Amino acid sequence: MADDKDVLRDVWFGRIPSCFTLNSDEVTEREAEPYYLMLPRVSYLTLVTDKVKKHFLKAMRTDEVEEMWFEYEGTPLKWHYPIGVLFDLHASASALPWSIIVHFKSFPDRDLLHCPTNSVIEAHFMSSIKEADVLKHKSQVVNDMQKKDHKQLWMGLQNDKFDQFWAMNRKLMEYSTEEGGFRYIPFRIYQTTGDKPFIQKLFRPVSPQGNPHTLCDLLKEMYPAALTNDGEQKRYQVLIHGIEPLLETPLQWLSEHLSHPDNFLHICIVPVPTD
C-alpha cells in the first residue's frame, strides 16, 4: 500500500469530545455529575466506557442496575458501529461536546444487540475483518495469519496502540502490482432514513477499462441522491471520519487509508444542516 503514515495516524487518533449524563429517571442514591471523555473515533462505545460505567454506578442501587446502553436524542446508539460512524450519522451537525445519555435500565432489545463482555466486541470485530478480507483477497491473508496475529489486531485496537495494530493490519492492505488494487472494496454506506441499516454491495476499485474508480463512481451507482448536479443546491454531506473527501478521490486509496480498523470503509450520508 502507499505509505501515507501521517494519514493513518490522523485517522487513528481522531477524537470526539463527549459528555455523558445519566438518564434523569435512573438517579437513585444521589445526583450524578456528568462525565466527560475524549472518545476515539475508530473504537466502539462499549470498549472505551468503563470509566463512565464506574462513575455512574456510584449513583445507582445495585439491585436496579441492568446492562448499560447509550442514547442520543432518543436514538439508541448501536455499540457494534464504530464511534465515529455513530457521531457522523446522528450528531455531525450538533455542537460539541457530544451529549450522550447513559441508561442502566429498560434495554431496547429491538434496537440494540446485547454486549455483556468485551469478547462479544472482539468476535464482532474479527468477523468484520474476515469479511473484508474475503472481499479483498478471497480470505487468503487472514487464513495465512496465526491466532496470535488475530489477537495482535484486537489488542492493538483495545489498547489504542497504533503501531501494534498497523504492524499486522498492513498485511491486510497489501496487493500485487498486477492486481492494481483489491478484488472488491469493503464499504458500507449509512443514511438516517431508509429501511436497511446500510448499503453494502460488490464494487471493484478499477473499471473494466482499467481506470481507477472514485468515490463519485461509487456514489453514482449506490446512492446517486448524494450527488449534486450543476446549479442544484447541495442536499447531502458525504462523511468519512468526519470529513468530506473530494469526490474524485480514488476508492482504492480511501480503502487503504480511511477504512476503520475493521477494514471497512464506512461512509455516512447526512442531510446538509439548515440554518
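Residues numbered from 1 in each chain as written. Predicted model: local features only at pLDDT ≥ 70, side-chain atom pairs only at ≥ 80, totals over all residues. Heavy atoms only, no water.

As recorded by an unreviewed UniProt entry, the chain carries the name Autophagy protein 5 and is attributed to Gouania willdenowi. Looking at the chain in UniProt, the text filed under Sequence similarities (unreviewed entry) is "Belongs to the ATG5 family." (UniProt positions renumbered as here; feature names shortened; annotations may be inferred.)

Colleague: Mind laying out the environment of Ile-240, listing which residues take part and the relevant values?
Modeller: In this structure, Ile-240 sits in the loop between β7 (236–239) and α9 (251–258). According to the relative accessible area criterion, Ile-240 is buried, its value standing at 0%. Taking the C-alpha atoms as reference points, Ile-240 and Ile-189, separated by 51 residues in sequence, lie 9.9 Å from one another. (Helix = DSSP H or I, 4+ residues; strand = E, 2+ residues; numbered from the N terminus. Buried < 20%, exposed > 50% of the residue type's maximum accessible area, 1.4 Å probe, protein only.)

Colleague: Explain the packing of helix α4 (residues 118–137) against helix α6 (residues 147–158) to me, and be specific about the residues and the numbers.
Modeller: Relative placement of two packed helices is described by the angle separating their axes and the distance separating the axes. The geometry of α4 relative to α6 is characterised by a closest axis approach of 11 Å and an angle of 120° between their N-to-C directions. By the angle class used here, α4 and α6 are oblique. Note that α4 runs across α6; the crossing there is right-handed. The segment α4 lies against α6, with Asn-118, Ile-121, Glu-122, Phe-125, Met-126, Ile-129 and Lys-130 engaging His-150, Lys-151, Leu-153, Trp-154, Leu-157 and Gln-158. Its residues assigned to classes, the contact of α4 with α6 shows seven nonpolar, three polar and three charged. (Axes fitted to C-alpha atoms, helices over the stretch in contact; angles between N-to-C directions. Parallel < 35°, antiparallel > 145°, perpendicular 65-115°, else oblique. Left-handed = near helix turned anticlockwise from the far one by under 90°. Contact = heavy atoms within 4.5 Å. Nonpolar A, V, L, I, M, F, W, Y, C, P; charged D, E, K, R; others polar.)

Colleague: Outline the pairing of strand β8 (residues 265–271), supporting the account with residue identities and numerical values.
Modeller: Of all seven residues making up β8, six are buried, and the element is well covered by its neighbours. Of the pairings in the sheet, the one linking strand β6 (residues 187–191) to β8 comprises five bridges and is parallel in character. Within β8, the position partnered with Arg-188 by the bridge is His-266. (Pairing = 2+ DSSP bridges.)

Colleague: Which residues make up α9, and what values go with them?
Modeller: The buried fraction of α9 is high, at seven of eight residues. Three or more residues of α9 are buried, namely Leu-251, Gln-252, Leu-254, Ser-255, Glu-256, His-257 and Leu-258. Considering only its buried residues, α9 is in contact with α1 (5–12), α7 (162–172), α8 (215–222) and β8.

Colleague: Pulling in residues and values, what's your account of the pattern of salt bridges?
Modeller: Pairing is possible between side chains that carry opposite charge, provided their charged atoms lie close to one another. Scanning the entire structure with this criterion turns up seven salt bridges. The salt bridge partner of Arg-188 is Glu-131, with a shortest N-O separation of 3.2 Å. You can see Arg-188 sitting in strand β6 and its partner Glu-131 sitting in helix α4, a full 57 residues away along the chain. Given a relative accessible area of 9%, Arg-188 falls into the buried group. (Salt bridge = Lys/Arg side-chain N within 4 Å of Asp/Glu carboxyl O.)

Colleague: Summarise the sheet that holds β7; cite the residues concerned and give the values.
Modeller: On the basis of which strands lie adjacent, the open sheet formed by three strands has the order β6-β8-β7 and mixed pairing. If you trace the sheet from one side to the other, it starts and ends with β6 and β7, each paired once. On average, each strand axis in the sheet is tilted by 20° relative to the strand beside it, whichever way the strands run. With respect to the sheet, helix α3 (residues 83–90) is in contact with β6, β7 and β8, its orientation differing from that of β8 by roughly 15°.

Colleague: Please set out the side chain of Thr-46 residue by residue, giving values where relevant.
Modeller: Secondary-structure assignment places Thr-46 in the loop between β2 (35–40) and α2 (50–57). Thr-46 gets classed as buried once you look at its relative accessible area, which sits at 17%. Residues in contact with Thr-46, not counting those within four places in the same chain, are Trp-79, Cys-115, Asn-118 and Ile-121.

Colleague: Residues and numbers for the packing of α1 against α7, please.
Modeller: Two elements in contact, α1 and α7, have axes separated by 11 Å at closest approach and are oriented at 125°. In terms of axis orientation, α1 runs oblique to α7. Crossing angle aside, the handedness with which α1 passes α7 is right-handed. Packed against α1, whose contacting residues are Lys-5, Leu-8, Arg-9 and Trp-12, the element α7 presents Phe-162, Asp-163, Phe-165 and Trp-166 at the interface.

Colleague: Describe the nonpolar core, and please don't skip the residues or the numbers.
Modeller: One recurring pattern in soluble globular proteins: nonpolar side chains tend to sit buried together. Grouped together as the largest cluster of nonpolar side chains are 45 residues, with contacts concentrated most on Phe-125, Ile-189 and Ile-267. Sorting elements by how many residues they give to this core places α7 first, with five residues. Ignoring any residue separated from it by four or fewer positions in sequence, one finds Ile-189 in contact with Phe-198, Ile-199, Leu-218, Leu-219, Met-222, Tyr-223, Ile-267 and Ile-269. Ranked by size, the runner-up nonpolar core spans 30 residues in total, among them Phe-56, Tyr-72, Phe-104 and Val-270. (Core = buried A, V, L, I, M, F, W, Y, C linked by side-chain atoms within 4.5 Å.)

Colleague: Go over the pairing of β6 with me, naming the residues and quoting the values.
Modeller: Across the five residues that make up β6, a large majority, five, are buried. Here β6 shows two buried faces, one formed by Phe-187, Ile-189 and Gln-191 and the other by Arg-188 and Tyr-190.

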